[in-house]
Structure formats: structure tokens, C-alpha cells
Amino acid sequence: MIKVKNIKLPVGYTADDINNALIKNLKLKSENIESFKLNRLSIDARKKDNIMYVYEFDVSLKNEREILKRNKSNDIFITPNEEYKIEITGTKEFTNRPVIVGSGPAGLFCAYILAENNYKPLIIERGNTVDERVKIIEEFWKTGKLDKNTNVQFGEGGAGTFSDGKLNTLTKDKEFRGKKVFDIFVENGAPEEIKYISHPHIGTDILRNVVKNIRNKIISMGGEFRFNTTLTNLNIKNNELVSIEVNNNEIIECNALILAIGHSARDTFEMLNNYMKLTPKPFAIGVRIEHPQELINISQYGESHKLLPPANYKLTYQTSNNRGVYSFCMCP
């Protein structure tokens with residue numbers, strides 16, 4: 001197959017327009033196209049009077065090599081193999097199944113990949129199942145009664161289960177991990193469009209069912225879930241993990257432990273600090289700054305739209321590369 005990027009079509013296009021655009025971009029006759037599949041969709045709205053859909057297709061053609069020879073564009077190339085494959089590099093056999101702490105996104109997808117490869121993981125989660133979690137959180141929103149182990153932060157699906165279901169994709173994903181994640185989502189009930197639409201969105205209600213379906217799929221492949229189960233200690237001998245303690249009273253033999261605990265399990269971090277040096281990681285925050293519309297008009301359209309700025313704004317003008325650039329700052 002050949003990947004064809006940057007196919008632009010106007011609002012109101014038809015199926016024939018897609019076919020014609022592919023024929024034009026690939027410089028071929030229509031009979032050369034055997035089939036095509038939508039791979040990515042976004043919208044170019046930079047020109048308000050000329051909004052365009054931007055497509056990427058995988059196209060099956062006759063004589064693909066010959067067609068590539070006469071198409072030297074960077075937007076046309078052989079579709080790479082985008083299948084994610086787990087790399088197994090270990091040499092020791094497991095004496096006990098791997099244990100994953102946390103059933104948020106990291107824990108769920110880690111468990112899914114391990115279960116697919118017959119490792120039969122055990123997933124422990126301090127919070128409750130997603131259905132019970134919904135009830136407990138709705139009670140919290142009504143009454144303010146907080147369950148310390150099952151809340152917006154803790155429980156099946158992680159904190160993202162109670163967001164609005166937006167997905168972030170990896171832009172530099174040479175191993176195609178992001179594609180694998182999206183494939184798993186779709187296999188378990190998410191809409192097919194998340195695999196190709198720009199800035200995909202599942203939706204909270206759908207996501208809850210998808211999370212349950214992923215759990216049931218992991219179980220069907222040999223995995224096991226234990227909810228209301230908190231990691232409370234480690235048992236390390238000769239620099240090797242031999243078991244873990246859960247709920248302060250139960251020992252589980254374990255040689256491979258995967259921590260997918262998110263950022264809010266402070267008691268677990270405190271416990272881990274007894275065994276290893278923990279270093280805080282820098283993090284980025286986003287800041288939203290709102291300006292009055294008249295200042296935005298100046299920035300976008302120049303002096304012809306200039307209005308007097310509010311008294312608490314300082315407006316400066318500078319020239320860079322022969323172009324006017326406005327900068328704004330709030331004055332105390």
C-alpha cells in the first residue's frame with residue numbers, strides 16, 4: 001500500500017471528490033486504484049473563507065513501485081508496517097506472575113499486553129470497580145462524603161475515567177505504541193473514528209464501558225483483578241524483590257512488580273522512599289491568559305483595528321523582520 005498525505009478537500013465534498021483527488025495527487029488513471037482506507041483526518045481552518053478537510057489515506061494500487069517512481073513528493077511513500085510488537089529481552093523465567101499496581105491507563109494497557117503474551121498478570125487496585133466507583137463519586141458530589149480509596153483519583157480506569165474522554169496521541173511514536181492503544185480501545189467498544197480523527201474523543205459514558213470491556217478481556221486471557229487492594233510494603237532479600245504486602249495483612253509472592261500508581265498515591269511513594277531514592281520530576285503547567293477582543297483585533301489585523309486598550313494594559317509595538325509585532329502585559 002502507498003500512504004498519501006495532505007489531501008485537501010472543501011466542505012461539502014463527495015466520495016467522487018476523494019477518488020479524483022487521489023488520482024490527481026498520484027498522477028494515475030482511476031483503474032489503478034484497487035482500494036483505499038482513511039488513516040487520518042483533520043481540519044485546516046486558518047482561512048475562514050476557505051475551510052478545508054485534510055486527509056491521509058492508505059491506498060492499494062496496481063504497479064505501486066512504478067507509481068512511486070514518478071511521484072517524488074514527501075507526502076507519498078510506501079505505507080510502513082505500523083504493528084506494535086513487544087520486545088522480550090529477559091532471560092529468566094518467571095517463578096511468579098507479574099503484579100501490576102494500579103488500574104489506570106498505564107496499568108490497564110500494561111496488563112493487556114502482558115496478558116496477550118500469556119504472562120497472566122495480577123492487577124491490584126486500591127479503589128473499586130468502575131460501576132461501584134461511579135456510585136461512590138456521585139455520593140461524594142451530593143454530600144461531600146469522601147472515600148479515601150475510591151474517588152476521582154483512585155479506582156478502575158484511573159483519574160481519566162471522570163474526564164471528558166479526550167485522547168492525546170504520540171507524535172514521535174516509532175514503535176507504534178499509540179496505534180496499539182487505539183486499536184485496543186476500538187476492539188473494546190470505542191468508536192472507530194478515534195483511529196483517524198484529529199484530537200480524538202471517546203466520551204465519558206462510552207469510556208466507562210470500554211474500561212470494563214478491557215478488564216474482562218484481560219481476565220479472558222488469564223489475568224486477574226483484585227480491587228480494594230492497596231500495596232503497603234515490599235519484601236526485598238539480597239537486592240531482589242521476593243514478595244509484596246497488601247492491605248497491611250497479606251503477602252503475595254512476587255518477583256516482577258510494575259508500579260502504575262499515578263501521581264496521587266502519596267502513601268505508596270512514602271513507603272517506596274524507604275527502599276530507594278526518589279527524585280521529583282519537573283513538570284509543565286499550562287496557563288490561559290485572556291485579553292479583551294480589541295487587543296486581539298490589533299494583534300491579528302494591525303493598526304486599522306486599533307482601539308484604546310483598557311487602563312490596566314500596557315501596549316507596546318516593536319518591529320521584527322519588517323513585520324509589526326504587538327506584545328501585551330498586565331500592569332499592576
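Residues numbered from 1 in each chain as written. Predicted model: local features only at pLDDT ≥ 70, side-chain atom pairs only at ≥ 80, totals over all residues. Heavy atoms only, no water.

1. Details of the overall build of the chain
Moving on, step 1. Looking only at helices and strands, one finds 8 helices and 13 strands in the chain.
Moving on, step 2. Within the chain, buried positions represent 37% of all 332 residues.
Moving on, step 3. Residue pairs at least 24 apart in sequence account for 57% of intrachain contacts in the chain once pairs closer than 6 positions are excluded.
Moving on, step 4. With the model as given, the accessible surface of the chain reaches about 21,600 Å², and the carbon-plus-sulfur share is 49%. (Helix = DSSP H or I, 4+ residues; strand = E, 2+ residues; numbered from the N terminus. Buried < 20%, exposed > 50% of the residue type's maximum accessible area, 1.4 Å probe, protein only. Contact = heavy atoms within 4.5 Å. Areas by Shrake-Rupley, 256 points an atom, 1.4 Å probe, with all protein chains shown as cover.)

2. Topic: the pairing of strand S1 (residues 2-10)
Moving on, step 1. As paired strands, S1 and strand S3 (residues 52-61) are joined by 7 bridges and run antiparallel to one another. Across the sheet, the residue bridging to Leu9 is Tyr53, located in S3.
Moving on, step 2. Relative to strand S4 (residues 76-78), S1 runs antiparallel, the two being bridged by 3 bridges. Across the sheet, Val4 pairs through a bridge with Ile76, a residue of S4. (Pairing = 2+ DSSP bridges.)

3. Here's the deal with a nonpolar patch on the surface
Moving on, step 1. A cluster of nonpolar residues, Ile236, Phe269, Tyr275, Met276 and Leu278, forms a patch on the protein surface that exposes about 390 Å² of accessible area.
Moving on, step 2. Here Leu278 lies in the loop between helix H7 (266-272) and helix H8 (293-301). (Patch = residues over 30% accessible without salt bridge, like charges linked within 9 Å, V, L, I, M, F, W, Y side chains within 5 Å. Salt bridge = Lys/Arg side-chain N within 4 Å of Asp/Glu carboxyl O.)

4. Thoughts on the pattern of salt bridges
Moving on, step 1. In this structure the tally under the stated criterion is 18 salt bridges.
Moving on, step 2. Here Asp44 makes a salt bridge to Arg46, at a shortest N to O gap of 2.8 Å.
Moving on, step 3. The buried category is assigned to Asp44, whose relative accessible area is 13%.
Moving on, step 4. Where Asp173 meets Arg177, a salt bridge forms, and the shortest distance between an N and an O atom there is 3.8 Å.
Moving on, step 5. Asp173 gets classed as buried once you look at its relative accessible area, which sits at 14%.
Moving on, step 6. One salt-bridge network, held together by shared partners, links Lys3, Glu56, Asp58 and Glu82.

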